[in-house]
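In case you want the letters, here they are:
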Amino acid sequence: MKRQLTLEYAFEFGALEPYYSALARGVALASVCEQCGYAAFPARILCRKCASSYVKWKPLSGRAQIVHRTTGAKHEFALVRFDGADTQTVVRLHTIPPHASHGWLIVPRDDLIGLWLGAAASDAGKED
């Protein structure tokens, strides 16, 4: 017997609301530990280095160095380090040439989610 189940979730951003609001505007906002200075992007509410819950917000330029890139079935992805952050994260690449060593945080198209990196901030919303 086959059944289709549709779930609808409502997420509360809580303490990470400034981070998600900034992302919606295409702005990279890191959390910085007030105790040890560790800067995380994507943001965290607890410091990964010293476990402190005292974090402040720091805007980043949105520029990221590409550490490693790979091609999936339909899209390209990369492990990147955003300038000003101590962390690395995975992003979807959008219009970044194969030889490029960096990109910029962009807002994904309305129907898609995640962190996206484009060749320029103006790439947001362009079709693949």
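Structural data are supplied above this passage.
Residues numbered from 1 in each chain as written. Predicted model: local features only at pLDDT ≥ 70, side-chain atom pairs only at ≥ 80, totals over all residues. Heavy atoms only, no water.

Draft legend 1. Just the sheet that holds strand β3 (residues 55-59), in detail. Pairing is antiparallel in the open sheet, where three strands are placed in the order β2-β1-β3. Bordering the open sheet on either side are β2 (39-40) and β3, each of which pairs with just one other strand. Two strands pair when backbone bridges link them, and strand β1 (residues 29-33) and β2 are joined in this way by two bridges, in the antiparallel orientation. Within β2, the residue paired with V32 across the bridge is A39. (Pairing = 2+ DSSP bridges. Helix = DSSP H or I, 4+ residues; strand = E, 2+ residues; numbered from the N terminus.)

Draft legend 2. Up close: the layout of surface pockets. By volume, the largest pocket is sized at about 350 Å³. The wall of the largest pocket is formed by 17 residues, among which Y20, L23, I113, G114 and L115 lie closest to the centre. Mapped onto the lining of the largest pocket, the elements with two or more residues apiece are α1 (17-24) and β7 (102-106). Grouping the amino acids of the lining of the largest pocket by side-chain chemistry returns 15 nonpolar, two polar and no charged. (1 Å grid on protein atoms, 1.4 Å probe; cavity = no way out; pocket = protein on both sides within 12 Å on 5 of 7 lines; lining within 4 Å. Points joined across faces, edges and corners; volume = space filled by probe spheres on them. Nonpolar A, V, L, I, M, F, W, Y, C, P; charged D, E, K, R; others polar.)

Draft legend 3. Just the side chain of T87, in detail. Relative to the helices and strands, T87 resides in the loop between β5 (76-82) and β6 (89-94). In terms of polar contacts, T87 uses its side chain to reach the backbone carbonyl oxygen of F41, at 2.8 Å. Dropping the residues within four chain positions of it, T87 is found in contact with Y38, A39, A40, F41, P42, R48, V80, R81 and F82. (Polar contact = N/O pair within 3.5 Å; in protein donor to acceptor, adjacent residues only side chain to side chain. Contact = heavy atoms within 4.5 Å.)

Draft legend 4. Structural context of a nonpolar patch on the surface. A contiguous nonpolar patch, built from L5, L7, Y9, F11, F13 and Y20 and spanning about 750 Å² of accessible area, is present on the exposed surface. Note on placement: L5 falls in the segment before α1. What makes L5 exposed here is its relative accessible area of 69%. (Patch = residues over 30% accessible without salt bridge, like charges linked within 9 Å, V, L, I, M, F, W, Y side chains within 5 Å. Areas by Shrake-Rupley, 256 points an atom, 1.4 Å probe, with all protein chains shown as cover. Salt bridge = Lys/Arg side-chain N within 4 Å of Asp/Glu carboxyl O. Buried < 20%, exposed > 50% of the residue type's maximum accessible area, 1.4 Å probe, protein only.)

Draft legend 5. Here's a closer look at empty space enclosed by the protein. Tallying each qualifying case throughout the model produces one cavity of 30 Å³ or more. Considering the residues around the largest cavity, the lining is formed by S31, V32, C33, Y38, A40, R44, L46, C47, R48 and V55. In terms of residue count, β1 provides more of the lining of the largest cavity than any other element does, three residues in total. Here the lining of the largest cavity is composed, by residue class, of seven nonpolar, one polar and two charged.

Draft legend 6. Spatial organisation of the environment of L105. Mapped onto the fold, L105 is located in strand β7. Judged by its relative accessible area of 5%, L105 falls in the buried class. Counting along the chain gives 14 residues from L105 to A119, while the straight-line C-alpha distance between them is 8.9 Å.

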